[in-house]
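Commentary on secondary and tertiary structure
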Amino acid sequence: MRYTGNKVIEEDIQGDATLIESEEVGNGKKLYIESYGCQMNFADSEIVASILIDEGYTTTANYKEADVILVNTCSIRDNAEKRVLNRLRNYQIVKKLRPGAIIGMLGCMAERLKSQLIEKDKLVDLVVGPDAYRSLPSLLKSAEGGQKSVNVLLSREETYADISPVRLDNNGISAFISIMRGCDNMCSFCVVPFTRGRERSRDPESIIHEARELLLKGYKEITLLGQNVDSYKWNITAKGEIIEPGEEVVNFSGLLEKVALLSPELRIRFSTSHPKDMTDEVLTTMAKYENICKYIHLPVQSGNNEILQKMNRGYTREWYFDRIDKIRQLMPDCAISTDIIIGFCDETDEHYNETFKLMDEVKFDFAYMFKYSERPKTLAERNFSDNVPEDVKSKRLQQIIDLQSSHSLRSYKQMVGKVCTVLIEGESKRSSDQLYGRNTQNMVAIFDKDELKKGQYVDVLIESCTSATLFGKVIKTDKN
Ligand code: 5AD
Ligand code: SF4
């Protein structure tokens, strides 16, 4: 999944099978969900599972025994889509093994490709867009009756606020909460406004309710999710009327504070921030509460003003530096990560060098770096030409990956000799005698298991590191 480690990678799209075990027999049908792309998609799969478990489905991690296979897809870059299409071709084997099985496509590709996948490619029986998951039970019934079903309608209101997500493939310690859906920003490279529709915020009451329930179940960390959390805004009364000027409107800072106040034992993270909308108020709230993690993902995309303008990002290089300065002034220990696109339309060596220089000045703790991939319908596809040659894109990408690796190593090395509070998330993949967890800066730390359990907070003295992992010994375990 994204944003969970320090992997400097060009392509972060991966699929994860998600599973819950259930003793109930229900309708006797088994559901397999696979999710690709961003954290929002993983959170959406948990809503889908909730809707279908209410209908009597149980989930399985083995697609070969599934009656329904749902693939929650991502359209952000062309290679993400290609990977999903290959996966759907593989699933045709299930149709041979179990002729009655239903294969469905959910999410961003569903909205983008609509019925093409049913009519032309004949890869799926069902296509359901991100705002239409409530119609899944009825669409599945039609599909079982042999009728191919599509619902990709986007909504201005749907937030699934009343649906309690089923936590899938989960460590029981950290969970996502969607606080808003869609995006109104229209960055010129981005397909999200077309696949996920208009921005809408979710009722803060329902967010707090969900966070409280997680807390009662023993969760210790929640990540508030939105395409642009800084534009979260709730200005609707309980009666559904727009709040008059002067009455309380809940903005992102207000929401963060409400969640932080639930319990000092509950850690709060959020993603994604937008440089043009990230306010001093949000940063002040972060600084005020220890349980709001000191980590900000602040995508810059480019370090050149002409390119930023072409990308329609709504800020300049100077504005971005100002936001970084403010973060560091208020929270000197705050980790900062970013997203970079290289090879955007008309990007010259000079433009690219400014991105390189910006990275070198800021020294991000982590970065996700991508080659520009032209997406249908976007402003860039309609107005500009994808004219940076592939070999130039590859060369630039490799250079910034190398640069970022040195910065990541530098920031991990700065932790050596220090003590970090780490929330234990589970057993280390490398050894069952060791545990792993993350510090407030989102860095993974590994240490001996001893008598410790997941969900505990421990103070770890960091003794060594790589550019992606801290190693240390536990010196204090009293914050349980
Ligand atoms: N090409 C390459 N990268 C893209 N991203 C979004 N759209 C594209 C595209 N067309 C990247 C941006 C964004 C991240 C989620 O994906 O950096 O912040
Ligand atoms: Fe896409 Fe820009 Fe919205 Fe992010 S803020 S989802 S990059 S349009």
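Residues numbered from 1 in each chain as written. Chains lettered and ligands numbered in written order. Predicted model: local features only at pLDDT ≥ 70, side-chain atom pairs only at ≥ 80, totals over all residues. Heavy atoms only, no water.

**Looking at the site of ligand 2**
Applied cut-off: Whether a residue is near a molecule or strand depends on its heavy atoms: it is near if one of them lies within 4 Å of it. Site definitions follow a grid-based scheme: protein atoms alone, a 1 Å grid, a 1.4 Å probe that fits but cannot get out for cavities, and for pockets an open set with protein on both sides within 12 Å along at least five of seven lines, plus lining residues having an atom within 4 Å of a point. Cavities and pockets are treated as containing a molecule whenever more than half of the molecule's atoms lie within 2 Å of their grid points.
In the neighbourhood of ligand 2, the contacting residues comprise Cys183, Asn185, Met186, Cys187, Phe189, Cys190, Val192, Pro193, Gln227, His274 and Arg313. Comparing atom positions with the cavity grids shows ligand 2 to sit within the largest cavity.

**Description of unusual backbone geometry**
As a reminder, the rule being used: Numbering goes from the N terminus for both helices and strands, where a helix is a DSSP run of H or I of at least four residues and a strand is a run of E of at least two.
Looking along the chain, the bond that leaves Ser271 and enters Thr272 is cis, with omega of 10°. At Met186, a position not held by glycine, the phi torsion is positive, near 55°. Relative to the helices and strands, Met186 is located in the loop between strand S9 (180-181) and helix H7 (192-196). For Asn442, which is not glycine, the phi torsion reads 75° and is therefore positive.

**Describing a negative patch on the surface**
As a reminder, the rule being used: Each patch is built from salt-bridge-free residues with over 30% relative accessible area, joining like charges within 9 Å and nonpolar side chains (Val, Leu, Ile, Met, Phe, Trp, Tyr) within 5 Å. Under the convention used here, a 1.4 Å probe and the Shrake-Rupley method define accessible areas, while residue burial counts only the protein chains that appear. What counts as a salt bridge is simple: a side-chain nitrogen of Lys or Arg found within 4 Å of a carboxyl oxygen of Asp or Glu. Neither His nor the chain ends contribute to the count of charged residues, in which Lys and Arg are positive and Asp and Glu negative. Each charge is placed at NZ for Lys, CZ for Arg, CG for Asp and CD for Glu.
Where like charges cluster on the molecular surface, the negative patch consists of Asp433, Asp448, Asp450 and Glu451. Tracing the sequence through the fold places Glu451 in the loop between strand S20 (444-448) and strand S21 (457-465).

**A word on the nonpolar core**
To keep things clear, this is the line we draw: Joining through side-chain atoms within 4.5 Å is the link that ties buried Ala, Val, Leu, Ile, Met, Phe, Trp, Tyr and Cys residues into a set, and such a set is a nonpolar core. Summary of the burial criterion: residues with accessible area below 20% of their type's maximum are buried, those above 50% are exposed, and those between are partly exposed, where the area comes from a 1.4 Å probe applied to protein chains only. Any two residues whose heavy atoms approach within 4.5 Å at even a single point are treated as in contact.
Residues Leu224 and Phe252 are the most contacted members of the largest nonpolar core, which totals 54 residues. Among the elements that make up this core, the one with the highest residue count is helix H9 (residues 252-260) (5 residues). Not counting the four nearest positions on each side in its chain, Phe252 is found in contact with Ile179, Leu224, Val229, Asp230, Tyr232, Phe270 and Val282. Grouped together as the second largest cluster of nonpolar side chains are 25 residues, Tyr36, Ile69, Cys74 and Val152 included.

**Description of helix H12 (residues 317-330)**
Under the convention used in this document: Here the expected length of a helix is defined as 1.5 Å per residue gap, with one fewer gap than residues. Summarising the geometry, the arc corresponds to the directions from the helix axis toward the C-beta atoms.
Taking 1.5 Å of rise per residue, the 14 residues of H12 would be expected to cover 20 Å, and the 20 Å separating its terminal C-alpha atoms lies within 8% of that figure. All of the buried residues along H12 are Arg317, Tyr320, Phe321, Arg323, Ile324 and Ile327. The buried residues of H12 occupy an angular sector of 155° when projected down its axis, which confines them to one face. Residues of H12 that are buried make contact with helix H10 (280-288), strand S15 (295-297), helix H11 (305-310), strand S16 (335-342) and helix H13 (349-362).

**Overview of the site of ligand 1**
For the record, the criterion: By the criterion applied in these results, polar contacts are pairs of N or O atoms within 3.5 Å in which, for protein atoms, one can donate a hydrogen and the other can accept it, and in which residues neighboring in sequence qualify only through two side-chain atoms. Residues are grouped as follows: Ala, Val, Leu, Ile, Met, Phe, Trp, Tyr, Cys and Pro are nonpolar; Asp, Glu, Lys and Arg are charged; every other residue, Gly included, is polar. For the domains described, the bounds stem from an automatic or database domain assignment.
Around ligand 1, the structure places 12 residues, and the nearest of them are Arg77, Phe189, Gln301, Asp339 and Ser373. The contact in question runs from an oxygen atom of ligand 1 to an N or O atom on the side chain of Arg77, over 3.0 Å. Contact between ligand 1 and Asp339: an oxygen atom at 2.6 Å from a side-chain N or O atom of the residue. Burial of ligand 1 by the protein chains amounts to 91% of its free accessible area of 410 Å². If you map ligand 1 onto the pockets, it falls in the largest cavity. Its residues assigned to classes, the shell around ligand 1 shows 5 nonpolar, 2 polar and 5 charged. Formed jointly, the shell around ligand 1 draws a minimum of three residues from each of two domains, domain 1 (2-151) and domain 2 (174-411).

**Examining the side chain of Thr378**
Position of Thr378 among the secondary structure elements: in the loop between strand S17 (366-371) and helix H14 (379-383). A distance of 2.7 Å separates a polar atom in the side chain of Thr378 from the backbone oxygen of Arg375. For Thr378, the contacting residues outside a window of four places in its chain are Ser188, Phe189, Cys190, Val191 and Phe194.

**Overview of the pairing of strand S11 (residues 221-225)**
Where we set the bar: A strand pair is defined by DSSP finding two or more bridges across the two strands.
Within S11, 5 of the 5 residues are buried, which leaves it mostly tucked inside the rest of the structure. Alternating residues of S11 divide into Glu221, Thr223 and Leu225 and Ile222 and Leu224, and every residue in both groups is buried. Here strand S8 (residues 174-178) runs beside S11; their pairing, made up of 5 bridges, is parallel. Paired with Ser174 across the strands is Glu221, a residue of S11. Pairing of S11 with strand S14 (residues 267-271), which is carried by 5 bridges, proceeds in the parallel orientation. In the sheet register, Glu221 faces S14, and the bridge partner there is Arg267.

**Here's the deal with the domain arrangement of the chain**
Spelled out, the test is: Once two parts are joined, some of their accessible surface, as seen by a 1.4 Å probe, is lost; buried area is that loss totalled over both.
Under the domain assignment, the chain is made up of domain 1 (2-151), domain 2 (174-411) and domain 3 (419-476). Distance from the C-alpha centre of domain 1 to the C-alpha centre of domain 2: 27 Å. Carbon and sulfur atoms make up 54% of the area that domain 1 and domain 2 hide from each other, which totals about 2700 Å². Counting across the interface, domain 1 meets domain 2 through 6 salt bridges. Close ionic contact of Arg375 with Asp78 constitutes a salt bridge, the shortest N to O distance being 3.8 Å.

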